[in-house]
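Below are the chains, spelled out letter by letter.
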Amino acid sequence: MSGATGTAREEVRERILTGTSRAICAHGVRRTSLEEIAREAGCSRATVYRHFPGGRDQLLEALVAFEYRRFFVRLGRAVEDATTLEEVVERGLMVAHRAVVELEVLQIVLREQPELLEPTLVRTGRPMLRAIAEFLAPYIAADSVRPAEVAAYAEFLARMVLSYISSPGRFDLDDRASVRDLVRGELLGGLARGA
Amino acid sequence: MASTATRARVVDAALACLATDGLRRTTVDDIAAAAGISRATLYRAFPGGRETILAAVVDDQTDRLLGAVGAASDASDDLRGALVAGLVAAAAFVIGHRAVERLMFDEPATLLTHLEFERFDRVLATLSSRAAPLLARFLDAAAAERAAEFATRVAVSYLLQPSDEVDLLEPAEVARLVDRFVLPGVEAAATSGETISTKLS
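What you see is a predicted model, and the numbers here were worked out from it, not measured in a lab.

## Regarding the overall build of chain B
Here's step 1: Summing up its helical and strand segments, chain B has ten helices and zero strands in all.
Here's step 2: Along the chain direction, N to C, the helices and strands of chain B fall in the order α-α-α-α-α-α-α-α-α-α.
Here's step 3: When each of the 201 residues of chain B is scored for burial, the buried share is 37%.

Structure below.
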């Protein structure tokens, strides 16, 4: 549709990506065909191709990027009214962990074909660290850290927060006490000492 | 009977093949040829074939990594020194590793998928339980495991995503990182978990 506006285009794209996600949840990554995706999205195969000329591979990559953006929107909303650094990190860890666990399509991809995630994660790794660090910096500055240290601390904290969100290790990020233990210990322990 | 010596020879040969040819192109025949043994002898030592040989290479390299980190941290007489020396030794091991370099170039996803999500939880559990004894001189067992896990995350983060601020091969820069962020976190964790360090500081 040459006359389609940008928004209409976006809408179709989003519908195709949501359809892809549903198809993967129903059939798995390997057995999801373009036909399945078109059926789930309620459009023709030709429309899918017009939006994603690269076919299945391009769709899967776009889906990762799409879910990834939604994840950060959700995370941003969850912490926007927090007032202290401790609150931001605590709540952010819990919400982000839930989002990772509950995103069924991510769990399926991780089980079946985790290598699909790599191109996006590699490309976005650095910008993502920078975005989290920039988000945390004002809270760190408000928390008695020397101005010269704020950027460095923000970078370190962003790295560690990402690490725990993806792999909680010995901590239970569904449990507030465990999260608090982590935040007051490893993550903000240096701050609490008024370093 | 497969001797330990044969197994060790196969593991060394496999590592050499991985460094020159990469993972995908390394076959059992290549490994046997590099080890200077027959296919039959190789299969007697590793009845499971390629997969079990590769698993043995990973185990062996993990031992060597922990060995290097242990030697470096044992030479320090305080927690701070042990953390700094351990991080630098881990970085030196990984950065100079030809098979790792080759893997990152040819098929990074194979390695990277083990450094995220659930798979990384498993790697973390293995590495931190094995590195924890290195910190047992300074922290009680629970705090040492926590500290080892934290330090492992720091090493992996800075190795995967190099920082403009910190070069993990530079002891002075790592010392600054440890002083400012890592050690305060480890100490706060040791106290918050009511696992107060009782040994020397």
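## A closer look at the domain arrangement of chain B
All names here are of chain B.
Here's step 1: For chain B, the domain assignment lists domain 1 (1–47) and domain 2 (58–192).
Here's step 2: Relative to domain 2, the C-alpha centre of domain 1 lies at a distance of 29 Å.
Here's step 3: Across the contact, seven residues belong to domain 1 and eight residues belong to domain 2.
Here's step 4: In terms of residue class, the side of domain 1 that touches domain 2 is built from five nonpolar, one polar and one charged.

## Some remarks on the interface of chain B and chain A
Here's step 1: Between chain B and chain A, the contact holds 27 residues from the first and 29 residues from the second.
Here's step 2: Where the side of chain B that touches chain A is concerned, the elements lending two or more residues are helix H7 (108–112), helix H8 (117–131), helix H9 (141–160) and helix H10 (171–192) of chain B.
Here's step 3: When the residues that make up the side of chain B that touches chain A are grouped by side-chain class, the tally is eleven nonpolar, seven polar and nine charged.

## Structural notes on the domain arrangement of chain A
Size of an interface: often given as the accessible area lost when the parts come together.
Residues and elements named next belong to chain A.
Here's step 1: What the domain assignment lists for chain A is domain 1 (1–53) and domain 2 (61–192).
Here's step 2: Taking only C-alpha atoms, the centre of domain 1 and the centre of domain 2 are 30 Å apart.
Here's step 3: Facing nine residues of domain 1, the contacting portion of domain 2 comprises nine residues.

## A look at the packing of helix H5 (residues 79–95) of chain B against H10(B)
Residue and element names in this part refer to chain B.
Here's step 1: Here H5 crosses H10 at 125°, and the two axes come no closer than 9 Å. If you check the angle between H5 and H10, you find them oblique. You can see that H5 and H10 cross each other, and the crossing is right-handed. Residues Leu79, Arg80, Leu83, Val84, Leu87 and Val88 of H5 pack against Pro171, Val174, Ala175, Val178, Val182 and Leu183 of H10.
Here's step 2: Classifying every residue of the contact of H5 with H10 gives eleven nonpolar, no polar and one charged.

## Side note on H8(B)
Here's step 1: Between its first and last C-alpha, H8(B) extends 21 Å over 15 residues, near the 21 Å set by a 1.5 Å rise per residue.
Here's step 2: The complete set of buried residues in H8(B) reads Phe120(B), Leu124(B), Leu127(B), Ser128(B) and Ala131(B). Summarising the axial view, the buried residues of H8(B) lie within an arc of 95°, below the 170-degree limit, and thus occupy one face.
Here's step 3: In the core, the buried residues of H8(B) are packed alongside helix H8 (150–166) of chain A together with helix H4 (50–74) and H9 of chain B.

## What to know about the nonpolar core
Here's step 1: In terms of nonpolar packing, the biggest core is built from 72 residues, with Leu87(B) and Leu135(B) touching the most fellow members.
Here's step 2: Not counting residues up to four positions away in its chain, the partners in contact with Leu87(B) are Ala151(B), Val154(B), Ala155(B), Leu168(B) and Val174(B).
Here's step 3: By size, the runner-up hydrophobic cluster in this structure holds 17 residues, among which are Ala23(A), Phe52(A), Leu63(A) and Val109(A).

## Structural notes on the environment of Ala96(A)
Here's step 1: Secondary-structure assignment places Ala96(A) in helix H5 (residues 85–102).
Here's step 2: Once residues lying within four places of it in the same chain are set aside, the contact partners of Ala96(A) are Leu75(A) and Ile165(A).

## Some words on the environment of Val79(A)
Residues and elements named next belong to chain A.
Here's step 1: Here valine 79 lies in helix H4 (residues 55–79).
Here's step 2: Placed 22 residues apart in sequence, valine 79 and aspartate 57 show a C-alpha to C-alpha distance of 34 Å.
Here's step 3: If near-sequence neighbours (up to four positions away) are discounted, valine 79 is found in contact with Val88, Arg91 and Gly92.

## With respect to the packing of helix H9 (residues 176–187) of chain A against H10(B)
In a pair of packed helices, the angle between the axes and the distance between the axes together describe the arrangement.
Here's step 1: At a minimum axis distance of 6 Å, the contact between H9(A) and H10(B) shows a crossing angle of 140°. One finds that H9(A) runs oblique with respect to H10(B). Taking contact as the criterion, the partners of Asp181(A), Arg184(A), Gly185(A), Glu186(A) and Leu187(A) in H9(A) are, on H10(B), Gly185(B), Ala188(B), Ala189(B) and Ser192(B).
Here's step 2: Residue composition of the contact of H9(A) with H10(B), grouped by class: three nonpolar, three polar and three charged.

## Regarding the confidence of the model for chain B
Residue and element names in this part refer to chain B.
Here's step 1: When pLDDT is averaged across chain B, the result is 93; 95% of the residues are at 70 or more.
Here's step 2: Low confidence marks residues 195–201, where pLDDT is under 50. Its contacts with residues over four positions away, or in another chain, come to 15 contacts.
Here's step 3: Here the predicted complex carries an ipTM of 0.92, next to a pTM of 0.90.

## What about unusual backbone geometry?
Residues and elements named next belong to chain B.
Here's step 1: Even without a glycine there, the phi angle at phenylalanine 117 is positive, about 50°.
Here's step 2: With respect to the helices and strands, phenylalanine 117 occurs in helix H8.
Here's step 3: The exposure class of phenylalanine 117 is partly exposed, given the 17 C-beta atoms found within 10 Å.

Conventions and cut-offs
Residues numbered from 1 in each chain as written. Chains lettered and ligands numbered in written order. Predicted model: local features only at pLDDT ≥ 70, side-chain atom pairs only at ≥ 80, totals over all residues. Helix = DSSP H or I, 4+ residues; strand = E, 2+ residues; numbered from the N terminus. Buried ≥ 20, exposed ≤ 12 C-beta atoms within 10 Å, placed from the backbone. Domains from an automatic or database assignment. Contact = placed C-beta atoms within 7 Å. Nonpolar A, V, L, I, M, F, W, Y, C, P; charged D, E, K, R; others polar. Axes fitted to C-alpha atoms, helices over the stretch in contact; angles between N-to-C directions. Parallel < 35°, antiparallel > 145°, perpendicular 65-115°, else oblique. Left-handed = near helix turned anticlockwise from the far one by under 90°. Expected span 1.5 Å × (residues − 1). Arc of directions from axis to C-beta. Core = buried A, V, L, I, M, F, W, Y, C linked by C-beta atoms within 7 Å. pLDDT = per-residue confidence, 0-100.

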